[in-house]
Amino acid sequence: MNELEQTGLAAMRDCWITGGPTFDLAPAAWKEIAGTAGPDERERRLLAIAAQALDIGLRPAAPKVLKRRPALPALALPMLPERLRPLLRAALKQAADARRKVRVVTLVASRGFVLHPMDWMPAVSDQNSPDVYAPWIDWQAGVEGQAHAPRENLTAENWDDFYPAARRIALADMRRIEPAAARMLIETKGSSEPAEVRLALIELMRFGLALEDAPFLKGLSTDRSGKVRELAGRLLARLGEHGQHGDGGADDPIAELAAFIAEGKSGFIRRRTTYTPAKLKSPAQEQRRAQLFETCNLVDLAARFGATEPEFIGAWQFGADNNADILIARMVAASGSDAAVTHMADTLVADGGKPALFVLHLMPRLDSHRKRVLVRLILKDWKYPGALNLAEGIEASWLEWDDLTNGQVLPALRSVIGATDDAMRRGLDDILETMGFLTTTAAAARLIDEVVAAGMPPAAPSLALLRLNAALAEHPSATDT
Amino acid sequence: MEFDLKTIEALAPDQASLSAASKLTKRSNWPRLEKNEQQALIWGECQGSGSNPYRVVVDTGDHGYKCTCPSRKFPCKHTLALMWIAATAPASFAPIEATPEWVNDWLGRRRKTTSQPAGPAPGAAAKSIDDALQPDEAAVVEDAAAVERREVAQRKRAQETRSAVSAALDELDQWIADQLRLGLSGFVDASSERCRRIAARLVDLKATALAGRIDEIPSRLMALRSEERPDAAIRELGKLVLLAKAWRSEPDDPELKRLVSTSETREQILANPDARQVESHWEVLGEKIETRRDGLVSHSTWLLDLNSVTPKFALLLDYFPASAGRRSNAFAPGDRFNARLVFYPSRAPLRALVAERIGDVTSGAAWPDFGALKDPLAARASQQDGAPWLTDNPLILPPGAISLDDRGTAWWQAADDPHGIALPIAGAVDQTLLGIDLGAAAALWNGARLDLLAAQSRFGRLDLS
């Protein structure tokens, strides 16, 4: 289209918008085509020409500024083979919330694969997905600039070149291998970061936490952020450092919390000290007690009663007050020393029964062996199988077939399969999904056979994760990668 | 598999369904028959009367079923036929380990009411498999005089239709002139009501296809920004003028008849010796299932010819009433198959029927190298030269990427020409797509917006439809 035609078209367009004949405004060549027909026909002919001119002669005008996102980085693991994607999508569809979807993702990562980005992407705030997805979390966060290859060591010099999630993972790794070097980095670079980032960095100190970290953590008692000060206090408490030196008066929170706990004695021959939650008189008291358990540290509370942390935990009367038991378990998880955590876990798991479930609150601080022992115990007893859904930080793909045959799991599953009650069915679906995450490939395949033989429809959607598990080889073949 | 003919007889809603099912039990009607014994499922694809195949899945455990056909009989003839094949020729089903996604979708949605197979339905005794296998006696041989009478009546009806359509186009012409006189600003604002009124007149005057197209104009305008709508209205109305003129000059042209009044039947297309036939490997680029304003649902499946050196497409298009309920997809995007397609005769052949499915293609995932595609809109320009009334044209875009403008609208832009052409994309795009460089992309361009179907990337094939 030449310039005259473009000008003519613009004038005709304006005229048509408001209404009226455009023949006089049309370019000469167009007028010739419109010819000597009647006024309506001339307008229609011009309209047809204009339509084609707009369609073919003019191209969409690109905006001056078009923003491009950086390229989505490649991940360190190969993509899940195409043939398994339908099974994966079925498992993701069945996973009701983000936490359960992350379980699917974790299982796949445990077998050496990552998902296709159009099937699943981690959220910006995601802290639970496998580390391999860190580059995608950073990409989601939209940080500009170039990421360093994950193999490069993090240093004070290249600190700003790392995206936050990649930096977090690099620091966590460093804390496990060279804790002192990581601490120095956090100390050097952390002070210039905003409070939110500072808090996330200090949180990484929990990896490889040792007495050598105490001076740095003590130095944080003057930090600008209350949350940072609180976190540092908890980490110090884990090292056995007393953080709160109350005067023992009415304003001392430790004294106030201690007043909610009754010290007693039990046993005829060998008198033992016991700590029992005092009976509460009002919801307000309940609320206050919860606040105090949340803000006080275990080491200070134990010291108040003249006991060490393991002694205090050993003397606590689990089972007397469910809410108080949950609060003490959370307190141990937040500020208890490693010795207190393992003591509590080992004692309660050895005793079994309902109190063993309080160990679920300690999961983030337990080693892999203790986590597995607890899961096996819950499965074996089968009194509270739903508790497995609350457990955090369990590894994928380790539960063997023997673990399922050793206890009530299979008989209990068989009895629930025929149930018509909706709640029982939902419970069954949850358990099968959890099993899909925990079991090895062989155990997953056998469990599918078992529940189908017991009457479960072979095509049931609740078997989706088990099916994916069974199809995902534990040692990928060359063709899969 | 747990089917016997008695069960099928009991499940059938009536004798007619059984008789219809018996005609569909031929293996040639079923390009795909598969089973998963572990999950007690059989499924298949049946080439029915539509362009898109019907997908049927049956749970052999509890006789639950699903078919994508719009029939209101439950189970439909396709479901019965699949069960029939399972009962009489179970070896026809290929064992498959992983169930396809459409089967998984159904499994995820279905709610089991009973774990026991359904018992015989009331009235089961009134139906008989044996009767269904009897030849159809209703077909009587017509005498020559009756044939002639029928042909005369047909010619008369065709003449009447032509006169009615001609009158319809006269009314359309006048209506377009009125819109120009009253102003396109007012037309854009009241397009819904005005288009409905003229569409109803066109239906009365047997220009049904054109009426359906005009009914869709308001939604096409509303999909654009307000400042773009007048130009879009000029394009839409101008193309109607061109189509009306073309029909007047060649009222017997099959493409123009199809666009203005009614389409040929499947049988007519298959029997037409002039219809172009292409046997090739085809990839399903994507599907669009849209409910139209006239109460019909259009089901479009876009295919790419994998053996062609230039981008060649095919469109399988079906319409069915929206009241028939939600329709599932007929293919999975990315499916590849070897088939002979018959194209509806037209200047730029696109709409097609599957005449014969020869088998699935499992090798490869990449598209052919179509060479340098410097101007992504060149293909549209050449198609518009021959058929300027077309609204949507399929394109293969060269390597590019998706970017956002300051209003959040997504644009496709060529990779090697960041200051060159950029095409706005219809609707919202998945944010992940903004970080993926597209090797090549297949899309529909309607003159104002790009509708992405699929793309190639370093993450493999991306389904964008």
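Residues numbered from 1 in each chain as written. Chains lettered and ligands numbered in written order. Predicted model: local features only at pLDDT ≥ 70, side-chain atom pairs only at ≥ 80, totals over all residues. Heavy atoms only, no water.

## A look at the overall build of chain B
Here is step 1: Helix and strand counts for chain B stand at 14 helices and 17 strands.
Here is step 2: The globule rule puts the C-alpha radius of gyration for 465 residues at 23 Å, and the 25 Å found for chain B is close to it.
Here is step 3: With the C-alpha coordinates aligned to their principal axes, the bounding extent of chain B is approximately 70 × 65 × 40 Å.
Here is step 4: Burial status across chain B gives 53% buried among its 465 residues.
Here is step 5: Sequence separation of 24 or more characterises 63% of the internal contacts of chain B that already satisfy a separation of 6 or more.
Here is step 6: By element, 51% of the accessible surface of chain B is carried by carbon and sulfur atoms, the whole surface being about 20,400 Å². (Helix = DSSP H or I, 4+ residues; strand = E, 2+ residues; numbered from the N terminus. Rg over C-alpha atoms; globule rule 2.2 N^0.38 Å. Buried < 20%, exposed > 50% of the residue type's maximum accessible area, 1.4 Å probe, protein only. Contact = heavy atoms within 4.5 Å. Areas by Shrake-Rupley, 256 points an atom, 1.4 Å probe, with all protein chains shown as cover.)

## A look at the overall build of chain A
Here is step 1: Helices and strands together make up the secondary structure of chain A, namely 23 helices and two strands.
Here is step 2: Relative to the globule expectation of 23 Å for 481 residues, the C-alpha radius of gyration of chain A, 33 Å, shows a markedly less compact shape.
Here is step 3: Counting only C-alpha atoms and orienting by the principal axes, one finds that chain A spans roughly 125 × 65 × 55 Å.
Here is step 4: Counting only residues that meet the buried cut, chain A has 47% of its 481 residues in that class.
Here is step 5: The long-range fraction of contacts in chain A, counting pairs at least 24 apart against all pairs at least 6 apart in sequence, stands at 62%.
Here is step 6: Here chain A displays about 23,100 Å² of accessible surface, and carbon together with sulfur accounts for 53% of that area.
Here is step 7: Counting 57 positive and 62 negative side-chain charges, chain A places the centres of these two groups 3 Å from one another. (Lys, Arg positive; Asp, Glu negative; His and termini not counted. Charge placed at Lys NZ, Arg CZ, Asp CG, Glu CD.)

## Some points on the nonpolar core
Here is step 1: Phe312 of chain A together with Ile402 and Leu450 of chain B are the most contacted members of the largest nonpolar core, which has 128 residues in total.
Here is step 2: It is helix H16 (residues 322–335) of chain A that provides the largest number of residues to this core, a total of seven residues.
Here is step 3: Setting aside its immediate chain neighbours within four residues, Leu450 of chain B contacts Leu395, Leu397, Trp412, Leu423, Pro424, Ile425, Ala426, Ala443, Leu444 and Trp445 of chain B.
Here is step 4: Counting 53 residues, the second largest nonpolar core, distinct from the first, contains Leu46 of chain A together with Ile176, Ala199 and Ala244 of chain B. (Core = buried A, V, L, I, M, F, W, Y, C linked by side-chain atoms within 4.5 Å.)

## Overview of the confidence of the model for chain B
Here is step 1: Counting all residues, the mean pLDDT for chain B is 87, and 93% of those residues have values of 70 or more.
Here is step 2: At the low end of the mean pLDDT range in chain B sits helix H5 (residues 129–133) of chain B, at 74; at the high end sits helix H11 (residues 229–249) of chain B, at 96. (pLDDT = per-residue confidence, 0-100.)

## Here we look at the domain arrangement of chain A
Here is step 1: For chain A, the assigned domains read domain 1 (3–57), domain 2 (83–126 + 396–481), domain 3 (146–243) and domain 4 (246–394).
Here is step 2: The centre of domain 1 of chain A, based on its C-alpha atoms, is set 85 Å off from the matching centre of domain 4 of chain A. (Domains from an automatic or database assignment.)

## What about the sheet that holds strand E7 (residues 296–305) of chain B?
Residues and elements named next belong to chain B.
Here is step 1: Overall, antiparallel pairing links the five strands, which are arranged E8-E7-E6-E9-E10 in an open sheet. Where the open sheet ends on each side, the last strands, each with one partner, are strand E8 (313–321) and strand E10 (352–360). In this sheet, neighbouring strand axes are inclined to one another by 40 degrees on average, regardless of whether the strands run parallel or antiparallel.
Here is step 2: Judged from the seven bridges that link them, strand E9 (residues 336–343) and E10 form a sheet pairing that is antiparallel. Paired with Ala339 across the bridge in E10 is Arg357. (Pairing = 2+ DSSP bridges. Axes fitted to C-alpha atoms, helices over the stretch in contact; angles between N-to-C directions.)

## Concerning unusual backbone geometry
Residues and elements named next belong to chain B.
Here is step 1: Geometrically, the link from Phe74 to Pro75 is a cis peptide bond, its omega value of -5 degrees lying close to zero.
Here is step 2: Along the polypeptide, Pro75 turns up in the loop between strand E4 (65–67) and helix H3 (77–88).
Here is step 3: The phi angle at His63 is positive, at roughly 65 degrees, despite the residue not being glycine.
Here is step 4: Mapped onto the elements of the fold, His63 is located in the loop between strand E3 (54–59) and E4.
Here is step 5: Despite not being glycine, Lys206 shows a phi value in the positive range, around 70 degrees.
Here is step 6: Relative to the helices and strands, Lys206 resides in the loop between helix H8 (191–204) and helix H9 (208–215).

## Here we look at the domain arrangement of chain B
Here is step 1: Structurally, chain B comprises domain 1 (5–133), domain 2 (144–260), domain 3 (273–360) and domain 4 (378–463).
Here is step 2: Summarising the inter-unit geometry, the C-alpha centres of domain 1 of chain B and domain 4 of chain B are found 40 Å apart.

## Comments concerning the pattern of salt bridges
Residues and elements named next belong to chain B.
Here is step 1: Applying the stated rule across the entire model yields 67 salt bridges over all chains.
Here is step 2: The partner of Glu228 in a salt bridge is Arg449, and the shortest N-O contact between them spans 2.7 Å. In this pair, Glu228 is assigned in the loop between helix H10 (217–222) and H11 and Arg449 in the loop between strand E15 (438–445) and strand E16 (450–457), connecting sequence segments 221 residues apart.
Here is step 3: With relative accessibility at 9%, the residue Arg449 sits in the buried group.
Here is step 4: Note that Lys288 is salt-bridged to Asp451, the shortest N-O span being 2.9 Å. Residue Lys288 is found in strand E6 (residues 277–291), and its partner Asp451 is found in strand E16; the two are separated by 163 residues along the sequence. (Salt bridge = Lys/Arg side-chain N within 4 Å of Asp/Glu carboxyl O.)

## Quick word on the interface of chain A and chain B
Here is step 1: Contacts between the two partners involve 54 residues from chain A and, on the opposite side, 66 residues from chain B.
Here is step 2: The interface formed by chain A and chain B holds eight salt bridges in total.
Here is step 3: Between Asp437 of chain B and Arg68 of chain A there is a salt bridge, and its shortest N-O distance comes to 2.7 Å.
Here is step 4: Contributions of two or more residues to the side of chain A that touches chain B are made by helix H1 (3–18), helix H3 (39–57), helix H4 (85–94), helix H6 (134–141), helix H21 (422–438) and helix H22 (441–453) of chain A.

## Points about the UniProt feature "domain: SWIM-type" (unreviewed entry) in chain B
Here is step 1: Within the UniProt annotation, "domain: SWIM-type" (unreviewed entry) is assigned to residues 54–87 of chain B.
Here is step 2: Taken end to end, residues 54–87 of chain B is 32% helix and 26% strand, and its first and last C-alpha atoms sit 20 Å apart. (UniProt positions renumbered as here; feature names shortened; annotations may be inferred.)

## A closer look at the packing of helix H20 (residues 409–417) of chain A against H22 of chain A
Residues and elements named next belong to chain A.
Here is step 1: For the pair H20 and H22, interaxial distance at closest approach is 9 Å and the crossing angle is 45 degrees. By the angle between their axes, H20 is oblique relative to H22. You can see that H20 and H22 cross each other, and the crossing is right-handed. Between H20 and H22, the contacting residues are Leu410, Leu413, Arg414 and Ile417 on the first element and Leu447, Glu450 and Val451 on the second.
Here is step 2: Its residues assigned to classes, the contact of H20 with H22 comprises five nonpolar, no polar and two charged. (Parallel < 35°, antiparallel > 145°, perpendicular 65-115°, else oblique. Left-handed = near helix turned anticlockwise from the far one by under 90°. Nonpolar A, V, L, I, M, F, W, Y, C, P; charged D, E, K, R; others polar.)

## Some remarks on the environment of Leu357 of chain A
Here is step 1: In this structure, Leu357 of chain A sits in the loop between helix H17 (338–351) and helix H18 (368–381).
Here is step 2: Considered as a pair, Leu357 of chain A and Gly418 of chain A are 61 residues apart in the sequence and their alpha carbons are 28 Å apart.

## Considering the pairing of strand E2 (residues 41–46) of chain B
Residues and elements named next belong to chain B.
Here is step 1: The element E2 is largely enclosed, with a buried count of six among its six residues.
Here is step 2: Going residue by residue along E2, you find Leu41, Trp43 and Glu45 tucked away on one face and Ile42, Gly44 and Cys46 tucked away on the opposite face as well.
Here is step 3: Hairpin connection from strand E1 (residues 32–36) to E2: four residues lie between these consecutive antiparallel strands, with Ala40 at a positive phi of about 55 degrees.
Here is step 4: Pairing of E2 with E3 involves six bridges; the strand directions are antiparallel. Paired with Trp43 across the strands is Val57, a residue of E3.

## Quick look at the side chain of Glu283 of chain B
Residues and elements named next belong to chain B.
Here is step 1: Note that Glu283 resides in strand E6.
Here is step 2: At 2.6 Å, the side chain of Glu283 forms a polar contact with the side chain of Arg461.
Here is step 3: Aside from chain neighbours lying at most four places away, what touches Glu283 is Trp302, Leu303, Leu304, Leu306, Gly334, Asp335, Arg336, Ala365, Trp367 and Arg461. (Polar contact = N/O pair within 3.5 Å; in protein donor to acceptor, adjacent residues only side chain to side chain.)

## Some remarks on the state of the cysteines
Disulfide: a covalent bond connecting the sulfur atoms of a pair of cysteines.
Residues and elements named next belong to chain B.
Here is step 1: One pass over the full model with this rule turns up zero disulfides over all chains.
Here is step 2: A disulfide-free cysteine, Cys46 has its sulfur positioned 7.6 Å from the sulfur of Cys67, the nearest such atom.
Here is step 3: Unpaired in terms of disulfides, Cys69 finds its nearest cysteine sulfur in Cys67, a separation of 3.7 Å.
Here is step 4: What makes Cys69 buried here is its relative accessible area of 10%. (Disulfide = S-S within 2.5 Å.)

## A closer look at the sheet that holds E4 of chain B
The pairing of strands in a sheet happens through backbone hydrogen bonds and is either parallel or antiparallel.
Residue and element names in this part refer to chain B.
Here is step 1: Pairing is mixed across the open sheet formed by five strands, whose spatial order is E4-E3-E2-E1-E5. In this open sheet, the two edge strands, each paired with only one partner strand, are E4 and strand E5 (94–95).
Here is step 2: In this structure, E3 lies alongside E4, joined through three bridges in antiparallel fashion. Within the sheet, the bridge partner assigned to Val57 lies in E4 and is Lys66.
Here is step 3: Along the sheet face, H3 touches E1, E2, E3 and E4 and points at about 55 degrees away from the line of E3.

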